[in-house]
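Given next are the chains, with one letter for each unit.
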Amino acid sequence: MYYHKYYPVDVVNGPGTRASLFVSGCEHQCPGCYNQSTWRLDGGKAFDSAMSDRIIADLNDGRIKRRGLTLSGGDPLHPANVPQVLALVRRVRAECPGKDIWCWTGYRLEELDEAQWQLAALLDVLVDGRFEQTLADPGLLWRGSSNQQVHQIAALIRSAPLRNLL
């Protein structure tokens, strides 16, 4: 997996102060996307264990208290990204107690495959759906267009229809 940008301190991409990772690779390539530079799977820098260690260290750094981790891109749920993003999310869950994890994806919940659901089930919030330029609204909280949905994952997992997908 490659990543385009890492912000160790971010106050824009989710609530509170966060660490934010923008992965490379997006097959949706939505017209009007503000992150077109992240579309190529091989763009940016290789994500390695040192970068994973840095994210964990930043999340646990008491000098700048971070609420959690933001995953965006590109698309963290691109099939090529899922294995390494899943490993990172598992590390955050194990090594950074109390931190929330937010993720933005162009996939809709009903489009997720089994591997993507394994990852989604470990998130706190998933913002899903492609950016639709004709539905763009700068007044929306945490999303760029009105077709996108902000999902509280714990509540979704408790619902019977989605539980069967996991």
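Criteria and thresholds
Residues numbered from 1 in each chain as written. Predicted model: local features only at pLDDT ≥ 70, side-chain atom pairs only at ≥ 80, totals over all residues. Heavy atoms only, no water. Helix = DSSP H or I, 4+ residues; strand = E, 2+ residues; numbered from the N terminus. Rg over C-alpha atoms; globule rule 2.2 N^0.38 Å. Buried < 20%, exposed > 50% of the residue type's maximum accessible area, 1.4 Å probe, protein only. Lys, Arg positive; Asp, Glu negative; His and termini not counted. Charge placed at Lys NZ, Arg CZ, Asp CG, Glu CD. Phe/Tyr/Trp six-rings, centres within 6.5 Å; stacked < 30°, edge-to-face > 60°. Salt bridge = Lys/Arg side-chain N within 4 Å of Asp/Glu carboxyl O.

**Observations regarding the overall build of the protein chain**
Here comes step 1: Check the secondary structure of the protein chain and you find five helices and seven strands.
Here comes step 2: Seen in sequence order, the protein chain has helices and strands lined up from the N terminus as β-β-β-α-β-α-β-α-β-β-α-α.
Here comes step 3: On C-alpha atoms alone, the protein chain measures out to a radius of gyration of 15 Å, which is about the 15 Å that the 2.2 N^0.38 rule sets for 166 residues.
Here comes step 4: Within the protein chain, the fraction of its 166 residues that count as buried is 48%.
Here comes step 5: When the 18 positive and 18 negative side-chain charges of the protein chain are each reduced to one mean point, those points stand 7 Å apart.

**With respect to the packing of aromatic side chains**
Between two aromatic rings, the relevant description is the distance of the centres plus the angle of the planes.
Here comes step 1: This model, assessed by the stated rule, comprises four aromatic pairs.
Here comes step 2: The interplanar angle of 90° and the centroid separation of 6.2 Å between the aromatic rings of Y3 and F47 together place this pair among those described as edge-to-face. Of this pair, Y3 sits in strand 1 (residues 2-10) while F47 is found in the loop between strand 3 (45-46) and helix 1 (49-60), placing the two residues 44 residues apart along the sequence.
Here comes step 3: Relative accessible area serves as the criterion here: at 9%, Y3 is assigned to the buried category.

**Notes on unusual backbone geometry**
Here comes step 1: Put simply, G73 and G74 share a cis peptide bond, and its omega is 25°.
Here comes step 2: Here G74 shows up in the loop between strand 4 (68-73) and helix 2 (82-95).
Here comes step 3: Positive phi, normally seen in glycine, also occurs at W142, with a value near 70°.
Here comes step 4: Mapped onto the elements, W142 comes out in the loop between strand 6 (125-128) and strand 7 (149-152).
Here comes step 5: By relative accessible area, which is 24% here, W142 ends up partly exposed.

**Points about the pattern of salt bridges**
Here comes step 1: Considering all chains together, one arrives at 11 salt bridges under this definition.
Here comes step 2: Connected through salt bridges with shared partners, the residues R18, R67 and D100 form a single ionic network.

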